[in-house]
Amino acid sequence: MTISWMVLIALTLIIFYHHVIYTGLMVVWGRKSPSAAEDHDNDNGIATPNADHEVREQPSVAILIPAHNEAEFIEAKLANLMMLEYPPEKLSVWVCCDGCSDNTADIVADWQARYAKAGIRLELMDEPDNKGKVVRINQLLAAVKGQVDLIAMSDVSALLSIDALTQAAGSFRDQQIGALTCNYLLAEAPEGEQQYWQWQNAIRQTESQIGNVMGGNGAFYIVRAELFSPLPEDTINDDFIQTMLVIKQGYQVQFNHYINSVELSPSTDQDTYQRRQRIGAGNLQQLIRCRFVFRSSHQGARWLFTSGKAMRTVMPFILVGYLLLSTILAFQGSAIAQALLALQLVGYGAAALPLFGINNKVTNKLHYFIGGYAASLLGMTRYLMGHFRSGWRHQPPVSDYQAQTTLFMKRASDVVLASIGLIITLPVWPVIALLIKLDSPGPVFYRQMRVGKISDQQVELFEVIKFRSMSNNAESASGATWAQQNDPRVTKVGHFLRVTRLDELPQFLNVLKGDMALIGPRPERPQFCGKLQNALPFYLERTAGLKPGITGLAQVSQGYDSNLEDVKSKIGFDHAYALALSSPLQWLKMDLFIIFKTIYIMVSKRGQ
């Protein structure tokens, strides 16, 4: 047996164990919920709704709510919290507006009088800057720590069952319980998402019975105040990390299935895909930061974390490796590998059908399942590339106008087409290099700093690489200037390279590195960007969430920029291209048009 087959068999067993044995066992066990009588007398102190509790003083509770532009849901949330069955003098609600640009703060301020009348403390912190959820959690924590016994976190868009705090207080009578989480229900969601959370609730029930729930849920979790820890500002999945730190401190995290949280905010496919990217990045981060679980003395926690969260985190990489390895073995003639490959292709193909409007129960659930892994893989890749440095912010990214399917397909096509283009054109590179050296002194390649994609946190700068088409140090005396018609700085060979666009060939390397796309707005020099933005509104938005391209709609519709009017007319083409990215079909049509137009310009030597 070869090493390839041993690896394939090992991966098969891992995939089968995680998805069938572990998940199946956890779901079936979790659905067999203990009876009310068992709950009343159980070891974890979970209270039943009908239990005849002793009359005793309830612990004080602070509910912390970081909010960003939550005007749509904040009123319902405040009404829900005010109606909770809990002694009002023991309850306080703390809302921190994180750079809200809507009237969230005004709504909270209006409710303060009602809360005061009900005897409940409602505090508002209205911060002008959007610094992210974790920054505001730490700020709220500093304000309440030492004042209360329990600290709860709850998303604005999630409503709680009326006895949530009473149930929680009953559970915390067990001194070993350090944190508590609950059922997560969806008011409105696709079938696949509903199924997923039904399974997750059952799995958490089982985890709780074994010893510890692996992570909380932002809709509602509650922690003993002395165990609630400030988190690093770049933390992505704060709800998971916070509750895992409770386990690190030697306490249990339990699941109370009598407490329900109901998510009101429906998610679009775009929202879901972006959220799952963030969760994927957070899963990788928490796998790194929760390594202490593997050293935990509690064997149950170690097994649960490894079989559940850890395997789910690395599963996208495993599935990609499994597909590649089975493809290699299938091409070597193995009938078993060919069958495995066919099975995978059928599964992935069925999961893609909803993208084309073909929907049924099976394909929709499969699409949610496989789509989750795809989003997670992209999120983890982005995390490894340095994204998500500021943790989670509620603001949508500047690339939000682009369909996530388009983003994925666009980057995939960039890599494939740039690789093909590099392989096809590489034989002519030595010829071009020789002609450049014979025509004029200086290096073969020309490198220059350009402005890349503009994201929420930064403006990317990169070094573009081209075949040199001008005399060496052409701008040493004049400084940065626009190209001109019959530009004297252009060499004879450089003129040919420009009209055929062959000088752009080395930019395939920029595409493969991720600095550029094959198609997009022209990358501009930083020296020009400030002047152009001042002179032309919406100039910098050309590359907002979008990488510049080797070619583009503006480039094939107009030549090089020689003055401000040329740039002005190109802005319209660049924004027209950005609009096409809102739909995969529109993007495909637009890119095919630009590719064929670029080839025509190269063959007819209509470049400049």
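Residues numbered from 1 in each chain as written. Predicted model: local features only at pLDDT ≥ 70, side-chain atom pairs only at ≥ 80, totals over all residues. Heavy atoms only, no water.

**Section: the state of the cysteines**
If you walk through the whole model with that rule in mind, you get zero disulfides. Left without a disulfide partner, Cys97 is nearest to the cysteine sulfur of Cys100, which lies 3.7 Å away. Overall, the relative accessible area of 0% leaves Cys97 in the buried class. (Disulfide = S-S within 2.5 Å. Buried < 20%, exposed > 50% of the residue type's maximum accessible area, 1.4 Å probe, protein only.)

**Section: the confidence of the model for the chain**
The predicted model of the chain has a mean per-residue pLDDT of 86, with 88% of residues at 70 or higher. Confidence drops under pLDDT 50 across residues 35–48; counting only partners more than four residues distant or on other chains, this segment forms 34 contacts. (pLDDT = per-residue confidence, 0-100. Contact = heavy atoms within 4.5 Å.)

**Notes on empty space enclosed by the protein**
Here the structure, examined in full by the defined rule, presents four cavities of 30 Å³ or more. As a volume, the second largest cavity reaches approximately 70 Å³. Taken together, Tyr22, Gln200, Ile203, Arg204, Glu207, Met214, Leu304, Gly308, Lys309 and Arg312 make up the lining of the second largest cavity. Broken down by secondary-structure element, the contributors of at least two residues to the lining of the second largest cavity are helix H7 (191–210) and helix H10 (299–331). Grouping the constituent residues of the lining of the second largest cavity by class yields four nonpolar, two polar and four charged. (1 Å grid on protein atoms, 1.4 Å probe; cavity = no way out; pocket = protein on both sides within 12 Å on 5 of 7 lines; lining within 4 Å. Points joined across faces, edges and corners; volume = space filled by probe spheres on them. Helix = DSSP H or I, 4+ residues; strand = E, 2+ residues; numbered from the N terminus. Nonpolar A, V, L, I, M, F, W, Y, C, P; charged D, E, K, R; others polar.)

**Concerning a negative patch on the surface**
Taken together, the side chains of Glu75, Asp102, Asp106, Asp110 and Asp126 present a region of like negative charge at the surface. Its place among the elements puts Asp102 in the loop between strand S2 (91–98) and helix H4 (104–118). Since its relative accessible area comes to 30%, Asp102 is described here as partly exposed. (Patch = residues over 30% accessible without salt bridge, like charges linked within 9 Å, V, L, I, M, F, W, Y side chains within 5 Å. Areas by Shrake-Rupley, 256 points an atom, 1.4 Å probe, with all protein chains shown as cover. Salt bridge = Lys/Arg side-chain N within 4 Å of Asp/Glu carboxyl O. Lys, Arg positive; Asp, Glu negative; His and termini not counted. Charge placed at Lys NZ, Arg CZ, Asp CG, Glu CD.)

**Focus on helix H20 (residues 584–604)**
With 21 residues, H20 extends 30 Å from end C-alpha to end C-alpha; this agrees with the ideal 30 Å at 1.5 Å per step. When H20 is considered as a whole, its buried residues turn out to be Trp587, Met590, Asp591, Ile594, Thr598 and Ile601. Seen end-on, H20 carries its buried residues on one side only, within an arc spanning 100°. Turned more than 90 degrees away from the buried face of H20, the exposed residues are Leu585, Lys589, Phe596 and Val603. (Expected span 1.5 Å × (residues − 1). Arc of directions from axis to C-beta.)

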